[in-house]
Amino acid sequence: MKVILICLVASLYIHGNDGTTYLPDDAFVPAIIAFGDSLLDPGNNNYLKTLTKANFPPYGKDFLGGKPTGRFTNGKTLGDFLAKALGVKEYLPAYLDPLIKDNDLLTGVSFASGGTGYDPLTSKLAGVIPLSLQLEMFKQYILKIKAKAGEEAAKNIITNSVFFVSANSNDFLTNYYVFPIRRLQYDVPGYGNKLVKLAVDFIQEIHKLGARRIVVFSAPPYGCIPIERTIAGGVNRRCIDKYNKVAQMFNGMLKQEIQFLASSLPETRVVLADFYNPLISIIENPQQYGLEVTDKGCCGTGKIEMSFTCNKLSKICRNDSKFLFWDSLHPTEKGCNIYINLILPDLMKSLFRY
Ligand SMILES: *[C@@H]1O[C@H](CO)[C@@H](O)[C@H](O)[C@H]1NC(C)=O
């Protein structure tokens, strides 16, 4: 009786009250682990000397208690929605948070650092945590959960967790197109190829450490990101076709390599989460998603502000629930929520193959 009751409660919890998490009944995800950039950074950058931060108002204005946590948006970010959707917890914490508790560790953390990319030069330019160091932090994390839960339980947590990797935007949009170094060394396909190789290497590294369910985010439509529209979209703030083509090319190469990798790793799911087409759909049909503004951010003018230039002096839009973007680079909580709901059914099918 007791067992049945526990199962019932667990099952209700996993499906949430809206019943839209799509997690199959027999699947249990003990933890989620995130690597990469600002889309998954819940505040790791708070503890670094870098300009790429978001731990001041108006960031976090719609978070619990209006608290700026370091998330690069007004409220919850992708990692939080994913943790919830997988039935794990409401908020995905930052690994570097000194107040983090053992129980937070056991249900997963984020090692992500806003501004980072696959290319080590990208994180260096921004003064943030490269993927190589995120990997070292993950190794340290494994030791911690082993000490807390025991060898066997820790292994189970890692095997059944879902791992998320978000990188590439900073490689192209800040490193490649802003600084000259990589542009002198590589043409666009050459650089894309380098990034894809680095992505595959990274997936292999976390696989070696025990990851068996891995989700990699594709490139978003670079040319439709508000700051890019400001730079090259003219007075009408059009999407820049050239940059969208770069994203599509990169996504094509990434897809191919991930499929190849997935077929070569036994009992492992490596899934590409499409970040391109769902965003295009939202941008082209905002009303369908309850949105009004998709070509600029809510913070300040919405055209250039991000990180330290979106601050307490910035005016903010009247209703950020009508905006896809919070600042000129990052989606609003609402935008994150809409996007996750769009990809969730396919993501769950590929992760749990039902
Ligand atoms: C903001 O927009 C959302 C979504 O359309 C709506 O539900 C909410 O009532 C609006 N809030 C205000 C203060 O207008």
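Residues numbered from 1 in each chain as written. Predicted model: local features only at pLDDT ≥ 70, side-chain atom pairs only at ≥ 80, totals over all residues. Heavy atoms only, no water.

(A) How the structure looks around the pattern of salt bridges. Under the definition given, this model contains 13 salt bridges. Salt-bridge contacts for Lys76 lead to Glu90; the nearest nitrogen and oxygen are separated by 3.4 Å. With Lys76 in the loop between strand S1 (32–36) and helix H2 (78–85) and Glu90 in the loop between H2 and helix H3 (102–106), this pair connects stretches of sequence that are 14 residues apart. Between Glu136 and Lys139 there is a salt bridge, with the nearest N and O atoms lying 3.1 Å from each other. In this pair, Glu136 and Lys139 are both assigned in helix H5 (residues 131–149), three residues apart and thus about one turn of the helix distant. (Salt bridge = Lys/Arg side-chain N within 4 Å of Asp/Glu carboxyl O. Helix = DSSP H or I, 4+ residues; strand = E, 2+ residues; numbered from the N terminus.)

(B) Structural view of the packing of aromatic side chains. Under the criterion given, the structure shown has 26 aromatic pairs. Ring centres of Phe35 and Phe138 lie 5.5 Å apart, and the angle between their planes is 85 degrees; this geometry places the pair in the edge-to-face category. Of the two residues, Phe35 sits in strand S1 while Phe138 sits in helix H5, which places them 103 residues apart along the sequence. For the pair shown, Phe35 and Phe138 are each scored as buried. Measuring from ring centre to ring centre gives 6.2 Å for Phe164 and Phe217, while their planes differ by 25 degrees; the resulting arrangement is stacked. Highlighted residues: Phe164 in strand S2 (residues 162–166) and Phe217 in strand S3 (residues 213–217), separated in sequence by 53 residues. Assessed through its relative accessible area of 1%, Phe164 is described here as buried. Through a chain of ring-to-ring contacts, the aromatic side chains of Phe172, Tyr176, Tyr177, Tyr186, Tyr191, Tyr222, Tyr243 and Phe250 assemble into a single cluster. (Phe/Tyr/Trp six-rings, centres within 6.5 Å; stacked < 30°, edge-to-face > 60°. Buried < 20%, exposed > 50% of the residue type's maximum accessible area, 1.4 Å probe, protein only.)

(C) Representation of the site of the ligand within the structure. Every residue lining the ligand is accounted for by Asn319, Ser321 and Lys322. Within the side chain of Asn319, one N or O atom sits 2.3 Å away from an oxygen atom of the ligand. Measuring from an oxygen atom of the ligand, one finds a side-chain N or O atom of Lys322 at 2.6 Å. Here the ligand, which alone exposes 360 Å², has 34% of that area covered by the protein. (Near = heavy atom within 4 Å. Polar contact = N/O pair within 3.5 Å; in protein donor to acceptor, adjacent residues only side chain to side chain. Areas by Shrake-Rupley, 256 points an atom, 1.4 Å probe, with all protein chains shown as cover.)

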